[in-house]
Amino acid sequence: MGISQYIKEIGRGKDGARSLARAQATDLLGQVLDGTVTDLEVGGFCLAMRIKGETADEMAGFLDAAHARLHKLPDNDHTTVVLPSYNGARKLPVLTPLLALLLAQRGAAVLVHGTATEDKRVFASAVLAELGVMPATRVPTLAAGEVAFAPTEVLSPGLKRLLDVRRAVGLRNPAHSLVKLMNPCEGKAFIVGSYTHPEYASSMAATWALTGAHAMLLRGTEGEPVADARRTPRMEIFQHGERTEVQPQQDGPLAQLPSLPSVDASSTAAYIRAVLDGTLPIPTPIALQVEHILRAVQHHDSPAHAHAL
């Protein structure tokens, strides 16, 4: 059938474009992920959406299409903490692996998923490999206290292809937001979503409110889902779409700044090992983030909460 009729709606420029209904968005992205449309149509879709911007209904529809096609982690009777890691390190070390391993130390099952979206950054996958967590070649089964890294193509080859369009056209597309919102688990999941620009915070929050997500939203370090080690960001928890601030934003930097490593993978991994074995302190913002995540997961796993459902 093709997606030209949808491109005609969304591609009329910033003021003339019309938004799609949720079902239309589901159909559109489903065709893109299935690889049944031309490269030219995919490029047209990506550029049109970049100019127009996504509505919450459209993002919910895109999520519906992605969730229907994801190779999902099997239910492990726990709430899996999901850390989408797509931005990597540019100026600051990527400490998403530290967050993942601290959570696992406390008994959480943690999935990190992602792919390298730019060539000149250090990604969590490289740091995790230095720490002995190698990329999964198929969908992992996670027990409590375990960390796995799943490359995007293991979860969804179609999403990986769509993310790679950025290398051709130089602009982000809806897939870059989608991977930070999606739930790749058959069972219960708690998604830690991050943003760099305030408009994405509004868009992500509106989508999660619409889809009833169980998640944390914060302004992460350079777009990674981990709090900036130098200052505590605002953190919000979503429970069935209801939004609650659990940590106010700190004005200014911490009184005592942590000594952070250089951004390369081996230095970052060495620093993380030192924090995990207690040689170096956990940066306060990350310690607070760990506690808020564990509290939210515990609430989600509690018998009283299950009974309320």
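Structure first, text after, so check above.
(A) Structural context of helix α4 (residues 39–52). Here α4 contains 14 residues, and its C-alpha end-to-end distance of 20 Å stays within 8% of the 20 Å for a straight helix at 1.5 Å per residue. For α4, the complete set of buried residues consists of E41, V42, G43, F45, C46, A48, M49 and K52. Contacts made by the buried residues of α4 are with α1 (4–10), α3 (22–34), α5 (56–69), α9 (157–169) and α10 (174–181). In the stretch just after α4, G53 is the one whose phi turns positive, near 85 degrees.

(B) Molecular detail of the packing of aromatic side chains. Inspection of every chain in the model, using the stated rule, returns two aromatic pairs. Centre to centre, the rings of F45 and F62 are 5.9 Å apart; their planes meet at 85 degrees, and the pair counts as edge-to-face. Residue F45 is located in helix α4, and its partner F62 is located in helix α5; the two are separated by 17 residues in the primary sequence. The exposure classification of F45 matches that of F62, with both residues buried.

(C) Just the sheet that holds strand β7 (residues 242–247), in detail. Across the sheet, which stays open at both edges, the seven strands sit in the order β3-β2-β1-β4-β5-β6-β7 with mixed pairing between neighbours. Only two strands of the sheet have a single neighbouring strand rather than two, namely β3 (147–151) and β7. For this sheet, the mean angle separating the axes of adjacent strands, direction not counted, is 25 degrees. Here five bridges tie strand β1 (residues 80–84) to strand β2 (residues 109–114), and the two strands are oriented parallel to one another. Among the inter-strand pairings, T80 is bridged to a residue of β2, identified as A109. Across the sheet, helix α6 (residues 96–105) lies against β1, β2 and β3, angled at about 160 degrees from β2, the strand it touches most. Contacts between helix α13 (residues 284–301) and the sheet are confined to β1, β4 (189–195), β5 (215–219), β6 (235–239) and β7, with β6 contributing the most and set at about 10 degrees to the helix.

(D) How the structure looks around the pattern of salt bridges. Summed over all chains, the structure comprises 11 salt bridges. One salt bridge connects R22 with D64, and the closest N-O pair in it is separated by 2.7 Å. Residue R22 is found in helix α3, and its partner D64 is found in helix α5; the two are separated by 42 residues along the sequence. Classification of R22 as partly exposed rests on a relative accessible area of 30%. A salt bridge links R234 to E236, with the shortest nitrogen-to-oxygen separation between them at 3.2 Å. Looking at E236, the relative accessible area reads 6%, which means it is buried. Three or more residues are tied together by salt bridges with common partners; here these are R234, E236, R243 and E245.

(E) The arrangement of the nonpolar core in detail. Ranked by internal contacts, the top residues of the largest apolar core, which has 53 residues, are L29, V32, F45, L162 and W208. With sequence-adjacent residues up to four places away left out, W208 is seen in contact with K180, L181, I191, G193, A213, A215, M216, L217, F238 and G241. Counting residues in hydrophobic clusters, the runner-up holds 42 residues, among them L98, L99, L102 and V275.

Conventions and cut-offs
- Residues numbered from 1 in each chain as written.
- Predicted model: local features only at pLDDT ≥ 70, side-chain atom pairs only at ≥ 80, totals over all residues.
- Heavy atoms only, no water.
- Helix = DSSP H or I, 4+ residues; strand = E, 2+ residues; numbered from the N terminus.
- Expected span 1.5 Å × (residues − 1).
- Buried < 20%, exposed > 50% of the residue type's maximum accessible area, 1.4 Å probe, protein only.
- Contact = heavy atoms within 4.5 Å.
- Phe/Tyr/Trp six-rings, centres within 6.5 Å; stacked < 30°, edge-to-face > 60°.
- Pairing = 2+ DSSP bridges.
- Axes fitted to C-alpha atoms, helices over the stretch in contact; angles between N-to-C directions.
- Salt bridge = Lys/Arg side-chain N within 4 Å of Asp/Glu carboxyl O.
- Core = buried A, V, L, I, M, F, W, Y, C linked by side-chain atoms within 4.5 Å.

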